[in-house]
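# Notes for the structure review
Listed here are the chains, written in short residue letters.
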Amino acid sequence: MSHAPEPQTGRETRLLVLVVGVAAIVLLLLAQWRFPNSNLSVVAPTSAPLAGLAARATFDEMSNALGDVVSRVSPLTVVVPLVADPAGEGEGKTPAPKIEDESADADSVDGDAVPRPDAWGLALRVRDDLALMHAPAGLVPSEFSRVVVVGRDEERELLLLRPLDPPLVAGGDVLSGAIRTFPGFTFVAALSATGVGPTVQPVFVGRAESMQDPRWSHALIPAEAGSPLIPGALVFSLNSRFIGMVVGGDQPMVVPAPAIETLVQGLSMLEGEPQ
Amino acid sequence: MRDVPPDVRRRELGGPDPIDRRLRQSGPPSPLAPIWSLLMTRSALGMTPALTPAVMFLSVGFVMGPGLLGWISPVLLDRLSLAVTIALAVLGVLVGVALGRELRHSAGLLLGASMESAVTTVMVGGSAMFFISRTGMPIDASLIGFALALGLCASSSSATSADPDSEPAAAIATRVADLDDVLPIALAVPGFAILAMSTGANLWVMALAPAAIGAGVGVIGWLLFERAESGPERVVFVLGALSLAGGAAAYLHVSPLPVGLVAGGLWTLLPGRVDRVVENDLRRVQHPVVVLLLVTAGASAMFSVAAVWLLPPYLLFRLAGKVAGAWIAAPRLDVRSSDLAAFLMPPGVLAVAFALNFAQMLPAGSGQALLATVAFGTAAFELFALFVVPQWGTRGRG
């Protein structure tokens, strides 16, 4: 073999210019599009390679399962700051549950600061452009929230919202993939809202005999079957399938997915939303 | 350029191992032997073999994975994570051994191969950064870290379409393909550090741990391997050392590839025959390691909008990067740049190894997108080499 360097011929240079030029032009053309309103697929968080070898207590398994649920379903939820409804004050409605925080209005002293909300609500994205949330009477989304109220069901204390931010994942299948018949006697994950995002509590749901309520199209599950289930919480199974939404009333109830589907369709038609 | 003994060429995918040799020696010829030999003949009917390991086992893994048949469940993939980490350390050792030997023969070849891989890394990483920021694609990780990871995955080459003994250009391309993995493996160290910044990890630990672990494992192996009293005892020592390398890297959340690179390089450069000992023992696990990595990657890769979105710039700029890198490096290597670029098109198992490694470190969403992009890109380039590379190469040589 010779030691003389192989000279670059004109063909080699033309090939280089052609390939790089075509790549650059195609890239510029492709970059004109915007990424569609679905996102990186939601998958289970990767665990450390050694995690599988470590001895774990049963509660560690539960912790991992709950963390898994939060990471999977958080993109399907919207945290909404709630404030007392100015129009509803003095009309005999239930007073808004105030957060016991003496510094609640401290942030609003500064004219530019966002006022501290009275409560946080957690909305479930039932479609890519719609979310459903339980809001106690007298509370409405804050003007600083990233949602627009498109429908209201005062009897059931539910709001149909249009989030201003695009969904992190295509959320249309959250209801279709939901558990239709909940058997009970199992742990569930109850998601509720905080100022920094959704949080989760494990709740054991015992005997869950469904009850008919004339306000709802499908039978409900009494929330007292799992004592910490508070109105507004979203209930998921430990494998991240939607079970239902807890609503208030005389007795908190878990509204199953079929009833929510029916309600959303009704509210959407009422407000002229496309199906 | 000086001729290199055949044993120097590592051929991470195509090299014969004891299983190959045993298969070739065994029994009477099968009735299917003519068809098999036709498939395995280089450039038969103007095409290189279709059954490259990357195409075969990525497809097998994809079909068996959770996305289709579900025979490989997410739980099993999770359990395989540690085995993958050790397999990555094994690949790092193979590259380190090749590096140690080539350094003795030709540092210029390493420089040329590093230039080629650096150009590919920059072009793919830069185009990915531009594309992601312009299209508003959401990434749940550092954009620089993600783009660097994609670029490093793209820079790997295996030259599996080339028979290293067929012609001088193929011989050089094979050695370049062996050595162009060194710079990306070294760059994986800062890449991991960038990705770990958001987790609050100690950057000094991230930067220094791979070299420290690799040096420790290298010294342990150097002291132990040649003192083993029997073959099985030596195999236990070798596998134990590699498990230590992979396990320590996993514990500290650093890449096992540079750990293995340092250990393999040390075993070659230190006095004695430790590198030969390790090489002989690793030959037994070479094919299982490749199959494990490819099947795991195929099973873990899932179609997503993000992966489909990233695939076109990845394919285009890996092609452009290889052509540009070869154009820059070829004058130093006594080879036509078009020939070199053609032979370097197949990414091989190291691209998949890089992707699996970064997917372990990245947040789940972007890790999945990276792995799927690289897995599908690897299969696409193997097929691209099947149809285009021979014609491209021969036209230039004619």
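Small disclaimer: the values here were computed from a predicted structure and weren't measured.

Conventions and cut-offs
Residues numbered from 1 in each chain as written. Chains lettered and ligands numbered in written order. Predicted model: local features only at pLDDT ≥ 70, side-chain atom pairs only at ≥ 80, totals over all residues. Helix = DSSP H or I, 4+ residues; strand = E, 2+ residues; numbered from the N terminus. Buried ≥ 20, exposed ≤ 12 C-beta atoms within 10 Å, placed from the backbone. Contact = placed C-beta atoms within 7 Å. Pairing = 2+ DSSP bridges. Axes fitted to C-alpha atoms, helices over the stretch in contact; angles between N-to-C directions. Core = buried A, V, L, I, M, F, W, Y, C linked by C-beta atoms within 7 Å. pLDDT = per-residue confidence, 0-100. Expected span 1.5 Å × (residues − 1). Parallel < 35°, antiparallel > 145°, perpendicular 65-115°, else oblique. Nonpolar A, V, L, I, M, F, W, Y, C, P; charged D, E, K, R; others polar.

## Remarks on the overall build of chain B
The helix and strand inventory of chain B stands at 17 helices and zero strands. When each of the 398 residues of chain B is scored for burial, the buried share is 57%. Taking the intrachain contacts of chain B between residues at least 6 apart in sequence as the baseline, contacts between residues at least 24 apart amount to 83%.

## A word on the sheet that holds strand β9 (residues 221-222) of chain A
Residue and element names in this part refer to chain A. The sheet built from six strands is open, its strands ordered β8-β7-β10-β11-β12-β9 with antiparallel pairing. On the outer flanks of this sheet lie β8 (197-205) and β9, each paired with one strand and no other. Bridge analysis of strand β7 (residues 186-194) against β8 gives nine bridges, and the strand direction is antiparallel. Counted as the bridge partner of Val188 is Val203 from β8. Lying on the sheet, helix α3 (residues 257-270) is in contact with β11 (242-247) and β12 (253-256); it crosses β12 at an angle near 70°.

## Points about the nonpolar core
As a rule of thumb, nonpolar side chains are buried together in soluble globular proteins. The biggest cluster of nonpolar side chains holds 143 residues, and the ones touching the most others in it are Leu293(B), Leu340(B), Val352(B), Ala355(B), Leu370(B) and Ala375(B). If you tally residues by element for this core, the top one is helix α13 (residues 305-333) of chain B, at 17 residues. Apart from residues lying up to four places away in sequence, Leu370(B) is in contact with Phe146(B), Ala149(B), Leu150(B), Ala355(B), Phe358(B), Ala359(B) and Leu362(B). Counting 56 residues, the second-largest nonpolar core is a separate cluster that includes Phe236(A), Val247(A), Val254(A) and Ile260(A).

## Some thoughts on the sheet that holds strand β6 (residues 158-163) of chain A
All names here are of chain A. Within the open sheet, the six strands sit side by side as β4-β1-β2-β3-β6-β5. Their pairing is antiparallel. Taken across any chain shown, the strands that pair with only one partner, and hence form the sheet edges, are β4 (139-141) and β5 (147-153). If you compare each strand with its neighbour and ignore which way they point, the axes differ by 40° on average. Where strand β2 (residues 119-127) meets strand β3 (residues 130-134), three bridges bridge the pair, whose relative direction is antiparallel. The partner of Arg127 across the bridge, within β3, is Leu130. Across the sheet, α3 lies against β2, β3, β5 and β6, angled at about 105° from β5, the strand it touches most.

## Digging into the confidence of the model for chain A
When pLDDT is averaged along chain A, the result is 75, and 72% of the positions lie at 70 or above. Across chain A, strand β10 (residues 234-237) of chain A holds the top mean pLDDT of 90, while β9(A) sits lowest at 76.

## Things to note about the confidence of the model for chain B
The predicted coordinates ought not to be read in detail in places where the model reports low pLDDT. All names here are of chain B. A residue-level look at chain B finds 82% of positions with pLDDT of 70 or above and a mean pLDDT of 80. No element of chain B has a lower mean pLDDT than helix α1 (residues 18-25), at 44, and none a higher one than helix α11 (residues 256-269), at 92. Confidence over residues 1-27 falls short of pLDDT 50; this stretch has 40 contacts with residues more than four positions distant or in other chains. The model gives residues 38-50 a pLDDT under 50, and that stretch makes 21 contacts with residues more than four places away or in other chains.

## A closer look at the environment of Ala128(B)
Residues and elements named next belong to chain B. Structurally, Ala128 can be placed in helix α5 (residues 107-135). By the C-beta count within 10 Å, which is 27 here, Ala128 ends up buried. As for Ala128 and Ile144, which are separated by 16 residues in sequence, their C-alpha atoms are 9.4 Å apart. Residues contacting Ala128, with those up to four places away along its chain left out, are Ala147, Leu150, Leu310 and Pro313.

## Re helix α7 (residues 168-179) of chain B
Residue and element names in this part refer to chain B. Look at α7: 17 Å from first C-alpha to last across 12 residues, which is about the 16 Å you get at 1.5 Å a residue. Taken as a whole, α7 has its buried residues at Ala169, Ala170, Ala171, Ile172, Ala173, Thr174, Arg175, Val176, Ala177, Asp178 and Leu179. Buried-residue contacts for α7 involve α4 (74-105), α5, α8 (182-196), α13 and α14 (337-343).

## Quick look at the pairing of β7(A)
A regular strand places its side chains so that they alternate between the two faces of the sheet. Residue and element names in this part refer to chain A. Between the end of β7 and the start of β8, which pair antiparallel, lie two residues. Two elements, β7 and β10, share four bridges in a ladder whose sense is antiparallel. Among the inter-strand pairings, Ala190 is bridged to a residue of β10, identified as Val235.

## Thoughts on the packing of helix α9 (residues 203-224) of chain B against helix α10 (residues 231-251) of chain B
All names here are of chain B. Where α9 contacts α10, the two axes come as close as 10 Å, and the packing angle between them is 170°. What the angle tells us is that α9 and α10 run roughly antiparallel. Each of Pro210, Ile213, Gly214, Val217, Ile220, Gly221 and Leu224 in α9 lies in contact with α10, whose residues at this interface are Phe237, Ala241, Leu244, Ala245, Ala248 and Ala249. Residues that form the contact of α9 with α10 fall into these classes: 11 nonpolar, two polar and no charged.

## Quick word on α11(B)
Within an α-helix, residues lying three or four positions from one another point in the same direction, as the helix has 3.6 residues per turn. Taking 1.5 Å of rise per residue, the 14 residues of α11(B) would be expected to cover 20 Å, and the 20 Å separating its terminal C-alpha atoms lies within 8% of that figure. With 13 of 14 residues buried, α11(B) is to be regarded as a mostly interior element.

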